[in-house]
Amino acid sequence: DSGVTQTPKHLITATGQRVTLRCSPRSGDLSVYWYQQSLDQGLQFLIQYYNGEERAKGNILERFSAQQFPDLHSELNLSSLELGDSALYFCASSDSYKNQPQHFGDGTRLSIL
Amino acid sequence: EDKVVQSPLSLVVHEGDTVTLNCSYEVTNFRSLLWYKQEKKAPTFLFMLTSSGIEKKSGRLSSILDKKELFSILNITATQTGDSAVYLCAVGQTSYDKVIFGPGTSLSVIP
């Protein structure tokens, strides 16, 4: 158990909808990372927050947004969903922003019908 | 464009064999190279390498980084069926704090 909690585990929805994925980092970790993993793209970095502030941005679509709250949990919002957004979304946390070993949650599997 | 390349992409070996997984990178502002093991779900951390030539070991696994030639290897000796997984290589950057993952090497160890 990595100590990182992601909810929900599975999400099935339709095109055009909006969903929110939630992540609680390991106790004491200030940094949260979001990744998208699909079969053809591998693990893609989306965005990183450190102690409530956006720290780094990767290949995150404009339809996607994230935030980290004062209690350090984070949410990833995906809107106007398309079939291609179907993937496994991972959250990871670390104790700093300096690429320290990241501890991954079990992921949220998103299926768009 | 920053990239991380792993080879081979897939590997099947017998129990007891030794395997070497390769990771090469072209990344600006290198900070660290990390190896992860992904079984059915979440990637789990194996090693973090920041200095060239210093081997890191954990049981039957070891890894080393060559910052001049821009690559790293992950060795697994006396493989076991429990080593079957996807092994991910990732490179962390300094100025952007991003982490770039390679496509992974899928290792299957058969009895």
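Scroll up to find the structure this text is about.
Residues numbered from 1 in each chain as written. Chains lettered and ligands numbered in written order. Predicted model: local features only at pLDDT ≥ 70, side-chain atom pairs only at ≥ 80, totals over all residues. Heavy atoms only, no water.

The next point concerns the pairing of strand 7 (residues 64-68) of chain A. Residue and element names in this part refer to chain A. Only one face of strand 7 is buried: it carries Phe64, Ala66 and Gln68, and the other face, with Ser65 and Gln67, is open. Sheet topology places strand 7 next to strand 8 (residues 74-78); five bridges connect them, and they run antiparallel. Following the sheet pairing, alanine 66 is matched in strand 8 by leucine 76. Turn length for the strand 7-strand 8 hairpin, with the two strands adjacent in sequence and antiparallel, is five residues, and the turn residue leucine 72 shows positive phi of about 80 degrees. (Buried < 20%, exposed > 50% of the residue type's maximum accessible area, 1.4 Å probe, protein only. Helix = DSSP H or I, 4+ residues; strand = E, 2+ residues; numbered from the N terminus. Pairing = 2+ DSSP bridges.)

Further remarks concern the sheet that holds strand 3 (residues 19-26) of chain B. All names here are of chain B. Sheet architecture is open: five strands sit in the order 1-3-8-7-6, paired in antiparallel fashion. If you trace the sheet from one side to the other, it starts and ends with strand 1 (3-7) and strand 6 (56-58), each paired once. Across the sheet, the axes of successive neighbouring strands diverge by a mean angle of 15 degrees, strand direction being ignored. The pairing of strand 3 with strand 8 (residues 71-76) spans six bridges and is antiparallel. Within the sheet, the bridge partner assigned to leucine 21 lies in strand 8 and is leucine 74. (Axes fitted to C-alpha atoms, helices over the stretch in contact; angles between N-to-C directions.)

The omega torsion across threonine 7 of chain A and proline 8 of chain A is -10 degrees, close enough to zero to call that bond cis. Its place among the elements puts proline 8 of chain A in the loop between strand 1 (5-7) and strand 2 (10-13). The residue after serine 7 of chain B, namely proline 8 of chain B, is reached through a cis peptide bond having omega -10 degrees. Within the fold, proline 8 of chain B resides in the loop between strand 1 and strand 2 (10-14).

Honestly, that's just the spatial picture; any functional story needs more than this.
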